[in-house]
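Next come the chains, spelled out residue by residue.
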Amino acid sequence: MKNGYGKALAGLCCAAGVALSAFGSLEDSFRTPPPGYGEVPFWWWTGEKLDKARIGEQLRELHAKGVSGTQVNYSHLITQGWKTAPVEPEIFSDAWWDVFTYAAEESARLGMGIGLSGYTLDWPGRDNLYRRLGISADETRGRVLELRDGKVVPVVRDGTLDPLNPESAKRVIERFFKPFWARVPESAHKALDYFFQDELRLSGDSWVWSDDFPDEFRRRKGYDIVPELPLLFAKEVTKDVARVRLDYNDVMVALTEERYFRPIYDWHASRGKVYACDSATRGKNPIEFGDYMRSTRWYTSPGFDTPGKRADPVKCKMGSSISHLYRRPRVWLEGYHSQGWQANTASIFDATVHNYVWGANLLNLHGLYYSTYGGWWEWAPPCYHFHQPYWALMGTTLKYFERLSYMLTRGTHVADVAIVTPQEPCVVDPERAKKTSVPLAHALVEHLAVNGTTDCDFIDSDSILAATVEKDEFGVALVAADERYRVVLLPDMFAIRPAVREKLDAFVRAGGRVIDVKKPEDVQLPLVAVPDVVGNAGLKYHHRRTDEYDIYYLVDVVTGGEVSFRTDCQAEVWDLWS
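First things first, this report covers the structure right here in the doc. It should be emphasised that the depicted structure is a prediction, and the values quoted were computed from it without experimental measurement.

The rules we used
- Numbering of residues starts from 1 in every chain and runs along the sequence as written.
- Where local features are concerned, this predicted model is filtered to residues with pLDDT of at least 70; where side-chain atom pairs are given and counted, the filter is 80 or more; whole-chain, interface and lining totals use all residues.
- Hydrogens and water are ignored here; the side-chain numbers use all heavy atoms of the structure.
- Secondary structure elements are defined from DSSP: runs of H or I of at least 4 residues count as helices, runs of E of at least 2 residues count as strands, and each element is numbered from the N terminus.
- To estimate the expected span of a helix, subtract one from its residue number and multiply by 1.5 Å.
- The buried label applies to any residue whose accessible area, calculated with a 1.4 Å probe on protein chains only, is under 20% of its type's maximum; exposed applies above 50%, and partly exposed to all values in between.
- For this quantity, the arc is that covered by the directions from the helix axis to the C-beta atoms.
- In this description, contact between two residues means that some pair of their heavy atoms is separated by no more than 4.5 Å.
- The definition of a polar contact used here is a pair of N or O atoms within 3.5 Å, where within protein one atom must be able to donate a hydrogen and the other to accept one, and adjacent residues in sequence count solely through side-chain atom pairs.
- Following DSSP output, two strands are said to pair if at least two bridges run between them.
- Fitted lines through C-alpha atoms give the axes, limited to the stretch in contact for helices. The angle between two N-to-C directions lies from 0 to 180 degrees.
- The scheme is simple: roughly parallel for angles under 35 degrees, roughly antiparallel for over 145, roughly perpendicular for 65 to 115, oblique for anything else.
- Each helix crossing is assigned a hand: it is left-handed if the near helix lies turned anticlockwise from the far helix by less than a right angle, otherwise right-handed if that turn is clockwise.
- As a working rule, the residues Ala, Val, Leu, Ile, Met, Phe, Trp, Tyr, Cys and Pro are called nonpolar, Asp, Glu, Lys and Arg charged, and the rest polar, with Gly in that last group.
- The criterion is simple. A nonpolar core is a set of buried Ala, Val, Leu, Ile, Met, Phe, Trp, Tyr and Cys residues joined through side-chain atoms within 4.5 Å.
- Two rings belonging to Phe, Tyr or Trp (six-membered ring only in the last case) form a pair when the distance between their centres is within 6.5 Å. Interplanar angles under 30 degrees mark stacking, angles over 60 mark edge-to-face geometry, and anything in between is tilted.
- Working rule: Lys NZ or Arg CZ, within 6 Å of ring centre, within 35 degrees of ring normal, means a charge sits over the ring.
- A pairing counts as a salt bridge when a side-chain nitrogen of Lys or Arg comes within 4 Å of a carboxyl oxygen of Asp or Glu.

## Concerning helix H2 (residues 52–64)
Consideration 1: Across its 13 residues, H2 extends 18 Å between first and last C-alpha, which sits within 8% of the 18 Å expected from 1.5 Å per residue.
Consideration 2: Ile55, Gly56, Gln58, Leu59 and Leu62 are the residues of H2 that are buried. The buried residues of H2 occupy one face: seen down the axis, they fall within an arc of 165°. Relative to its buried face, H2 has exposed residues pointing more than 90 degrees away, namely Ala53, Glu57 and Ala64.
Consideration 3: Taken together, the buried residues of H2 touch strand E2 (42–44), strand E3 (69–73), helix H3 (94–110) and helix H11 (391–407).
Consideration 4: At the N-terminal boundary of H2, the capping side chain belongs to Asp51, with an oxygen 3.2 Å from the backbone nitrogen of Ala53.
Consideration 5: Where H2 ends, the next residue or the one after it, Gly66, has phi of about 90°, a positive value.

## Quick word on the pairing of strand E23 (residues 549–555)
Consideration 1: Of all 7 residues in E23, 7 are buried; the element is thus mostly enclosed.
Consideration 2: By the alternation rule, side chains of E23 split into Tyr549, Ile551, Tyr553 and Val555 and Asp550, Tyr552 and Leu554, which are all buried.
Consideration 3: Relative to E23, strand E22 (residues 540–545) runs antiparallel, the two being bridged by 6 bridges. When the bridges of E23 are listed, Tyr541 appears paired with Leu554.

## Notes on the packing of helix H5 (residues 166–183) against helix H7 (residues 239–269)
Consideration 1: Interaxial distance between H5 and H7 falls to 8 Å at its minimum, and their mutual angle equals 25°. For the element pair H5 / H7, the angle class is roughly parallel. Like other packed secondary-structure pairs, H5 and H7 cross with a definite hand, here right-handed. Of the residues in H7, those touching H5 at Pro166, Ser168, Ala169, Val172, Ile173, Phe177, Lys178 and Trp181 are Arg259, Tyr260, Pro263, Ile264, Trp267 and His268.
Consideration 2: A breakdown of the residues in the contact of H5 with H7 according to their chemical character gives 10 nonpolar, 2 polar and 2 charged.

## Let's talk about the packing of helix H10 (residues 345–357) against H11
Consideration 1: Contact pair H10 / H11: the axes reach a minimum separation of 11 Å and the direction vectors enclose 5°. Comparing the axis directions of H10 and H11 gives the class roughly parallel. Residues Thr345, Ile348, Phe349, Thr352, Val353 and Tyr356 of H10 form the contact with H11, whose own contacting residues are Met394, Thr397, Tyr400, Phe401, Leu404 and Ser405.
Consideration 2: Along the lines of polarity and charge, the residues of the contact of H10 with H11 split into 8 nonpolar, 4 polar and no charged.

## Focus: the nonpolar core
Consideration 1: Judged by nonpolar contacts, the single largest core of 146 residues is most densely connected at Trp45, Trp96, Phe100 and Tyr553.
Consideration 2: Core analysis: the next-biggest nonpolar cluster, separate from the first, contains 26 residues, Tyr223, Leu232, Val244 and Met252 among them.

## Quick notes on the sheet that holds E2
In a beta sheet, neighbouring strands pair by backbone hydrogen bonds and run either parallel or antiparallel.
Consideration 1: Spatially, the 3 strands line up as an open sheet ordered E2-E3-E4, and their pairing is parallel. Of all the strands in the sheet, the pair left with one neighbour each is E2 and strand E4 (113–116). Neighbour-to-neighbour, the strand axes of the sheet open up by a mean angle of 30°, direction not taken into account.
Consideration 2: The strands touched by H3 within the sheet are E3 and E4, with E4 carrying the most contacts at an inclination of about 150°.

## Considerations on the packing of aromatic side chains
Consideration 1: Inspection of every chain in the model, using the stated rule, returns 47 aromatic pairs.
Consideration 2: For the pair Phe42 and Phe196, a centre-to-centre distance of 5.2 Å together with 70° between the ring planes defines the contact as edge-to-face. Residue Phe42 is located in strand E2, and its partner Phe196 is located in strand E7 (residues 195–198); the two are separated by 154 residues in the primary sequence. Take Phe42 and Phe196: they sit in the same class, and that class is buried.
Consideration 3: Relative to Phe176, the ring of Tyr130 lies with its centre 5.5 Å away and its plane at 70°, an arrangement referred to as edge-to-face. Of the two residues, Tyr130 is situated in helix H4 (residues 129–132) and Phe176 in helix H5; the sequence distance between them amounts to 46 residues.
Consideration 4: Residue Phe176 is classed as buried on the basis of its relative accessible area, which comes to 2%.
Consideration 5: The positively charged end of Arg54 is found above the aromatic ring belonging to Tyr370, 4.5 Å away from the centroid.
Consideration 6: In this arrangement the basic side chain of Arg243 is found over the ring face of Tyr223, its NZ or CZ atom lying 5.3 Å from the centre.

## As for the pattern of salt bridges
Consideration 1: If you walk through the whole model with that rule in mind, you get 55 salt bridges.
Consideration 2: With its nearest N and O atoms 2.6 Å apart, the salt bridge here joins Arg171 to Glu139. Within this pair, whereas Arg171 is found in helix H5, its partner Glu139 is found in the loop between H4 and strand E5 (142–148), the two being separated by 32 residues in sequence.
Consideration 3: With relative accessibility at 8%, the residue Arg171 sits in the buried group.
Consideration 4: Put simply, Lys434 and Glu431 hold a salt bridge, and the shortest N to O gap is 3.2 Å. Remark: Glu431 and Lys434 occur in helix H13 (residues 430–435); sequence separation between them is 3 residues, near one turn of the helix.

## Description of the side chain of Thr409
Consideration 1: The residue Thr409 is located in the loop between H11 and strand E13 (412–414) in this model.
Consideration 2: There is a polar contact of 3.4 Å between the side chain of Thr409 and the backbone oxygen of Ser405.
Consideration 3: A distance of 2.8 Å separates a polar atom in the side chain of Thr409 from a polar atom in the side chain of Arg410.
Consideration 4: Once you skip the residues sitting within four places of it in the chain, Thr409 turns out to touch Tyr37, Pro329, Arg330, Asn361 and Arg544.

## Concerning the side chain of Asn128
Consideration 1: Mapped onto the elements of the fold, Asn128 is located in the loop between E4 and H4.
Consideration 2: For Asn128, a relative accessible area of 3% translates into the label buried.
Consideration 3: There is a polar contact of 3.4 Å between the side chain of Asn128 and the backbone oxygen of Thr120.
Consideration 4: At 3.4 Å, the side chain of Asn128 and the backbone nitrogen of Tyr130 are in polar contact.
Consideration 5: Setting aside anything within four residues of it in sequence, one finds Asn128 in contact with Thr84, Thr120, Leu121, Asp122 and Trp123.

## Here's the deal with unusual backbone geometry
Consideration 1: The amide bond that connects Pro381 to the next residue, Pro382, takes the cis arrangement and shows omega of 15°.
Consideration 2: For Pro382, the position within the fold is in the loop between strand E12 (362–365) and H11.
Consideration 3: Backbone geometry at Arg282 places phi at a positive 55°, although glycine is not the residue there.
Consideration 4: Looking at the secondary structure, you find Arg282 in the loop between strand E9 (275–278) and helix H8 (292–296).
Consideration 5: Judged by relative accessible area, which is 15%, Arg282 ranks as buried.

Shown next as structure tokens:
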């Protein structure tokens, strides 16, 4: 398709097998998206005493620019321990609830949402809100196994939260989340949304332990783990070492899901609320919380932080892959702290279109300051909102991404290639995996999605095991959730679960492709006979399919260039600006 939308950095193409008049409601919603797809900034309530009049004025200003909601945050001091900065009124005091209730009621009146982040409030080992609420008390401190004097012993880690203790999740729900529904009038409950878990720290990425772990392990794996515990710390990686480490990790992660992550997820999902996250490694460590993908699937909106003014394809692909494989429709993009006060709409736009083409679809600009008093938050500037001279024009940019956020949640994602996340190698031999498997998996994203005009997802073992092998008009596919992968890449997977290998072998026998990769150059493009998109070098795309339409979001298109799509439908270019 020859076109002129290369004049802009990005464009949206819709191909339909029906008459143009049948676009109907999709076209209407594209012009004016329904509520909930606009920007949701971090609103830093620090610097000066909270004032209802000032809060109301700021909410109305944000609403006028199309902001969907706010997510209240508290900054920390630049001192040892990074304690929550002192504020007035004190968080969760009666005076604070009076202010927050007003903000929630005003948000509800405006059709906006408002939530609170755990940033600085729940960090373990700190004199913060969680400790004052009795959430991280003695009985909920985490324990991990350590090798001491030749013996494996459980050791308490002060200031941590134990994900294997069901009481931990219960306290988080009862003492942190439920008070919002108790203190805010029912008429404003619809505004309670956009809660956020920022840089969660539990017991660490070690061998977490609980009193009932041996019984749970025996029930799930069929043998006694206690005599095998020294193998967790063995220097030489044998088959027995690999087996025990994988089994232990599997039980540990399963209990963590069942007892901590899933109860909190269920509480939000049952209310239809966005509950998002930015974990410390942003998905770049496959064994954060034991298994990053398995843990992070228990957020209604998996997310990540991209500081500065750059896009990050690996973070985007990890967050969006969880979204695709576990049907979590929103992918939270936290950007772009520490870019500096010279930031402008051009730098915001350039970074965001690339983060979106790689899978994000909920824009959260890091900086929205209640007050800039005293340079309170100057180590991570700027504010992107009403403190900026370009704020008067910001509504145009925000409307662009509101339309795009809506369109990139329509239908299901389409990608031909899946990269197996190297979680098992990291469990079996983390030092080797950090040097080989992990950087290779990340390099494959660059090779395919950034440089190679080939979209891809990460895929985890659970998704492979739940997948089916099917044939369609384009050949053989590994069908995982709504995804249909034609090619599976194994990035130096020197350790892999036997059941996963068996499923992939069945895929190969049916005619699918599985490639063991040692370096990115091993992957010769194109990987499929009929690529989804063919265009200029450096072109990037995101493809979604509904029952009626193929929707392609294209970035870095050469002006006047030609782009071909794997569809025989009529094509249109839709202008996200207008």
